[in-house]
Amino acid sequence: MFAITTRLLLRPGWAEDAPALSRAIGDEAIIRNLARAPWPYALGDAESFLASPPVPHRPRFLVFLRDTAELVGGIGLNGDQDEAELGYWIARAHWGKGIATEAGRAVVDLADASLRLPRLRACHAIDNPASGRVLSKLGFRPTGAVSELYSLGRRCEVPTRLFARERVAEPPAEVASLAA
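Residues numbered from 1 in each chain as written. Predicted model: local features only at pLDDT ≥ 70, side-chain atom pairs only at ≥ 80, totals over all residues. Heavy atoms only, no water.

Undergrad: Even after reading the chapter, I still don't get the overall build of the protein, so can you show me in this structure?
TA: The number of helices and strands found in the protein is six helices and eight strands. Across the protein, helices and strands are ordered from the amino to the carboxyl terminus as β-β-α-α-α-β-β-β-α-β-α-β-β-α. For the protein, the C-alpha radius of gyration of 16 Å lies close to 16 Å, the compact-globule estimate for 180 residues. Dimensions along the principal axes, computed over C-alpha positions, put the protein at roughly 55 × 40 × 30 Å. Expressed as a percentage of its 180 residues, the buried residues of the protein come to 42%. For the protein, restricting intrachain contacts to residue pairs at least 6 apart in sequence, the fraction spanning at least 24 positions comes to 62%. Total accessible area computed for the protein in this model is approximately 9,800 Å², and 57% of it derives from carbon and sulfur atoms. Charge separation in the protein, taken as the distance between the mean sites of 22 positive and 21 negative side-chain charges, equals 4 Å. (Helix = DSSP H or I, 4+ residues; strand = E, 2+ residues; numbered from the N terminus. Rg over C-alpha atoms; globule rule 2.2 N^0.38 Å. Buried < 20%, exposed > 50% of the residue type's maximum accessible area, 1.4 Å probe, protein only. Contact = heavy atoms within 4.5 Å. Areas by Shrake-Rupley, 256 points an atom, 1.4 Å probe, with all protein chains shown as cover. Lys, Arg positive; Asp, Glu negative; His and termini not counted. Charge placed at Lys NZ, Arg CZ, Asp CG, Glu CD.)

Put into structure tokens, the structure is as follows:
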């Protein structure tokens, strides 16, 4: 599964992406905001991640700039059959450029239209409010709940704010035909 946006190519990671992946994510400022990535992040961690089998209906992508083919992030869906969790990271040199929002919009659209997931959830570390702003732009709303989530990178429990997003209902047939 692939996705193409105005500036980005989202595709599955391949074994040969391991060096670029370990360089792009190997920044403590990134890892500290992720639950499942260890710090320090080494080439072997990237190789293990890329070798893990895909989970049906839970796509995960590496994010590349279309004009330079530079690996600038990762994004994907995790979770059970009824509810998926959106997770993402962006290389620090590309923070504040709208890449997380653009990649997130592509994955949310995929979850709505192709996977037809009824609900998505996400969370962000409370000390990472920029991630909360991205989630809001993608239509996620705070649930009001705060939960402790273990972060491999920080090696401790981290307070996280929980978000949820309901699938956008398809317009009635007559509305869809008018839009066509």
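Read on, since the account is not over.
Undergrad: Honestly, helix 1 (residues 18-25) in this entry has me stumped. Any pointers?
TA: Helical geometry: 3.6 residues make up each α-helical turn, so side chains three or four residues apart lie on a common side. The complete set of buried residues in helix 1 reads Ala 18, Leu 21, Ser 22, Ala 24 and Ile 25. All buried residues of helix 1 lie within an arc of 165° about the axis, which places them on one face of the element. Summarising the contacts, the buried residues of helix 1 are in contact with helix 2 (28-31), helix 3 (43-51), strand 3 (60-65), strand 4 (71-79) and strand 5 (84-90). (Arc of directions from axis to C-beta.)

Undergrad: Can you walk me through the side chain of Thr 160 in this structure?
TA: Its place among the elements puts Thr 160 in strand 8 (residues 156-166). Thr 160 has contacts with Cys 123, His 124, Ala 125, Ile 126, Ala 145, Val 146, Ser 147 and Leu 149, leaving out every residue within four places of it along the chain.

Undergrad: Please clarify how the pattern of salt bridges should be interpreted in this entry.
TA: It is possible for side chains bearing opposite charge to pair when their charged atoms get close. Summed over all chains, the structure comprises seven salt bridges. The partner of Asp 17 in a salt bridge is Arg 11, and the shortest N-O contact between them spans 2.8 Å. Its relative accessible area of 8% is what places Arg 11 among the buried residues. We note a salt bridge from Arg 32 to Asp 127, for which the minimum N-O separation is 3.4 Å. Here Arg 32 is found in the loop between helix 2 and helix 3, whereas its partner Asp 127 is found in the loop between strand 6 (119-125) and helix 5 (129-137), with 95 residues between them in sequence. (Salt bridge = Lys/Arg side-chain N within 4 Å of Asp/Glu carboxyl O.)

Undergrad: Please explain the sheet that holds strand 1 (residues 3-4) as it appears in this structure.
TA: Two pairing modes exist for strands in a sheet, parallel and antiparallel, and in both the strands are linked by backbone hydrogen bonds. Sheet architecture is open: eight strands sit in the order 1-2-3-4-5-6-8-7, paired in mixed fashion. Each edge of the open sheet carries a strand with a single partner, namely strand 1 and strand 7 (141-151). (Pairing = 2+ DSSP bridges.)

Undergrad: For this particular structure, what's the right way to read the nonpolar core?
TA: One broad trend across soluble globular proteins is that nonpolar side chains are buried collectively. Ranked by internal contacts, the top residues of the largest apolar core, which has 30 residues, are Leu 10, Val 63, Ile 75, Leu 77, Leu 86, Leu 120 and Phe 140. Going through the elements one at a time, strand 2 (8-11), strand 3, strand 4, strand 5, helix 4 (99-113), strand 6 and helix 5 are the ones with two or more residues in this core. Beyond its immediate stretch of four places on either side in the chain, Leu 86 contacts Ile 75, Gly 76, Leu 77, Val 107, Arg 121, Ala 122, Leu 135, Leu 138 and Phe 140. (Core = buried A, V, L, I, M, F, W, Y, C linked by side-chain atoms within 4.5 Å.)

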